[in-house]
Amino acid sequence: MKFVANYALAFLAFTVVFSSFNSAEAKRRNRKEQIENSDQSSKEDSSSQGTQAVDNNANDSDIVRAVNEQRRVNFVEGGGMVVTKVLPDDNNGLKHQKWVVRLSNGKTMQAVYNSDMCPRVPVKVGDVVAMGGMFLWTNTGALLHWLHHDPRGNRPDGYVYVNGKYYCKD
């Protein structure tokens, strides 16, 4: 009788442990499926928004390198930069729009766009932009300008790409 009681107790313990394992495993699988479905929805949402840089794989590594080296680069381009601040226009001489972007390394850079040469860019905080132009290191920090065609042909034509549209790219 004692053997049967021990066997029944062991069987009961095994049943409880096994059912707990199955329950935990089912919850884990369910969580994994929810995360995968959420990731897929996020990818579909972001690809349909049209605010991504030219290429989802575009990055700002060349611009980050120029910032880190604090040197002039005749032409550099990159994408995936987030607008953090829109600055007042500079109306001294030629009109320029100005805004600040956050780079992938967390640093910021000012963009200067000649709105006399090209249509105004409807940039706003939170936009993801791609840009190409001349990089300079100034006494106030990193600056990307010549974000438009070069009428003299001294450098590649610059551009701004935001919300699915190029600005000042021929």
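Keep in mind that this is a model prediction, so the values were computed, not measured.

Draft legend 1. Layout of the pairing of strand E4 (residues 128-138). Judged by how many residues are buried, E4 sits mostly within the fold: eight of eleven residues are covered. Summarising the sheet, strand E1 (residues 73-90) and E4 pair through six bridges and their orientation is antiparallel. Residue Gly78 lies in a different strand from E4, and its bridge partner there is Met131. Relative to strand E6 (residues 159-162), E4 runs antiparallel, the two being bridged by four bridges. When the bridges of E6 are listed, Gly132 appears paired with Tyr159. Note: E4 against strand E5 (residues 141-145), five bridges, orientation antiparallel. Its bridge partner lying in E5, Thr138 is registered against Gly141.

Draft legend 2. Up close: the pattern of salt bridges. Here the structure, examined in full by the defined rule, presents five salt bridges. One salt bridge in this structure joins Arg65 and Asp62, with 3.0 Å as the shortest N-O distance. Here Asp62 and Arg65 lie together in helix H2 (residues 61-69), a separation of three residues that amounts to about one turn. For Arg65, a relative accessible area of 39% corresponds to the partly exposed category.

Draft legend 3. Highlighting the state of the cysteines. Here the structure, examined in full by the defined rule, presents one disulfide. The disulfide bridge from Cys118 ends at Cys168, spanning 1.3 Å between sulfur atoms. Taken as a pair, Cys118 in the loop between strand E3 (108-114) and E4 and Cys168 in the segment after strand E7 (165-167) lie far apart in primary sequence, 50 residues in all. With a relative accessible area of 8%, Cys118 lands in the buried category.

Draft legend 4. Quick look at the environment of Leu136. By secondary structure assignment, the location of Leu136 is in strand E4. With a relative accessible area of 21%, Leu136 lands in the partly exposed category. Those residues within four positions of Leu136 in sequence are excluded, and the remaining contacts are Arg72, Gly141, Ala142, Leu143 and His145.

Draft legend 5. Looking closely at H2. Ile63, Val64, Ala66 and Val67 are the residues of H2 that are buried. Burial along H2 is one-sided: seen end-on, the buried residues are contained in an arc of 160°. As for H2, its buried residues are in contact with E1, E3, E4 and E5. Positive backbone phi, approximately 50°, marks Gln70, located one or two places after H2.

Draft legend 6. Representation of the layout of surface pockets in the model. Taken as a whole, the largest pocket encloses approximately 160 Å³ of empty space. Every residue lining the largest pocket is listed: Leu94, His96, Val112, Tyr113, Asn114, Met117, His145, Trp146, His148, Asp150, Pro151 and Arg152. Top contributing element to the lining of the largest pocket by residue count: E3, with three residues. By residue class, the composition of the lining of the largest pocket is six nonpolar, four polar and two charged.

Draft legend 7. Expanded view of the environment of Gly80. Tracing the sequence through the fold places Gly80 in strand E1. The spacing of Gly80 and Val101 is 21 residues in sequence and 9.6 Å in space, taken between C-alpha atoms.

Draft legend 8. Region of the structure containing the packing of aromatic side chains. Using the criterion set out here, one finds three aromatic pairs in the structure. Seen in terms of ring centroids, Trp99 and Tyr113 are 6.3 Å apart; in terms of plane orientation they differ by 40°. Their pairing is tilted. Within this pair, whereas Trp99 is found in strand E2 (residues 96-102), its partner Tyr113 is found in strand E3, the two being separated by 14 residues in sequence. One aromatic cluster in this structure is built from Tyr159, Tyr161 and Tyr166. A cation over an aromatic ring shows up here: Arg155 above the ring of Trp146, its NZ or CZ 4.2 Å from the ring centre.

Analysis parameters
- Numbering of residues starts from 1 in each chain and follows the order in which that chain's sequence is written.
- Residues qualify for local features only when their pLDDT is at least 70, as the model is predicted, and side-chain atom pairs are given and counted only at 80 or more; totals for whole chains, interfaces and linings, by contrast, use all residues.
- As a rule here, side-chain values come from all non-hydrogen atoms in the structure, and water together with hydrogens is ignored.
- Buried means the residue's accessible area, taken with a 1.4 Å probe over protein chains only, is under 20% of the maximum for its type, while exposed means over 50%, and partly exposed covers the values in between.
- Helix numbering and strand numbering both begin at the N terminus, where a helix is a DSSP run of H or I of at least 4 residues and a strand a DSSP run of E of at least 2.
- The rule for pairing is simple: two strands pair if DSSP sees at least two bridges between them.
- The rule for a salt bridge is simple: a side-chain nitrogen of Lys or Arg has to be within 4 Å of a carboxyl oxygen of Asp or Glu.
- The disulfide definition used here is simple: a pair of cysteine sulfur atoms within 2.5 Å.
- Should any heavy atoms of two residues lie within 4.5 Å, those residues are considered in contact.
- Taking the helix axis as origin, the arc is that swept by the directions to the C-beta atoms.
- Detection works on a 1 Å grid of protein atoms alone, calling trapped sets that fit a 1.4 Å probe cavities and calling open sets with protein on both sides within 12 Å along at least five of seven lines pockets, with lining residues defined by an atom within 4 Å of a point.
- Grid points are joined across faces, edges and corners, and a volume is the space filled by probe spheres set on the points.
- Three classes are used, and their members are as follows: Ala, Val, Leu, Ile, Met, Phe, Trp, Tyr, Cys and Pro are nonpolar, Asp, Glu, Lys and Arg are charged, and the others, Gly among them, are polar.
- Only Phe, Tyr and Trp rings take part, Trp by its six-membered ring, and two of them pair if their centres are within 6.5 Å. Stacked means planes under 30 degrees apart, edge-to-face means over 60, and tilted covers everything else.
- Lysine and arginine charges are scored as sitting over a ring when NZ or CZ, respectively, is within 6 Å of the ring centre and within 35 degrees of the ring normal.

Note that every value here comes from positions in space, so none of it alone points to a role or purpose.
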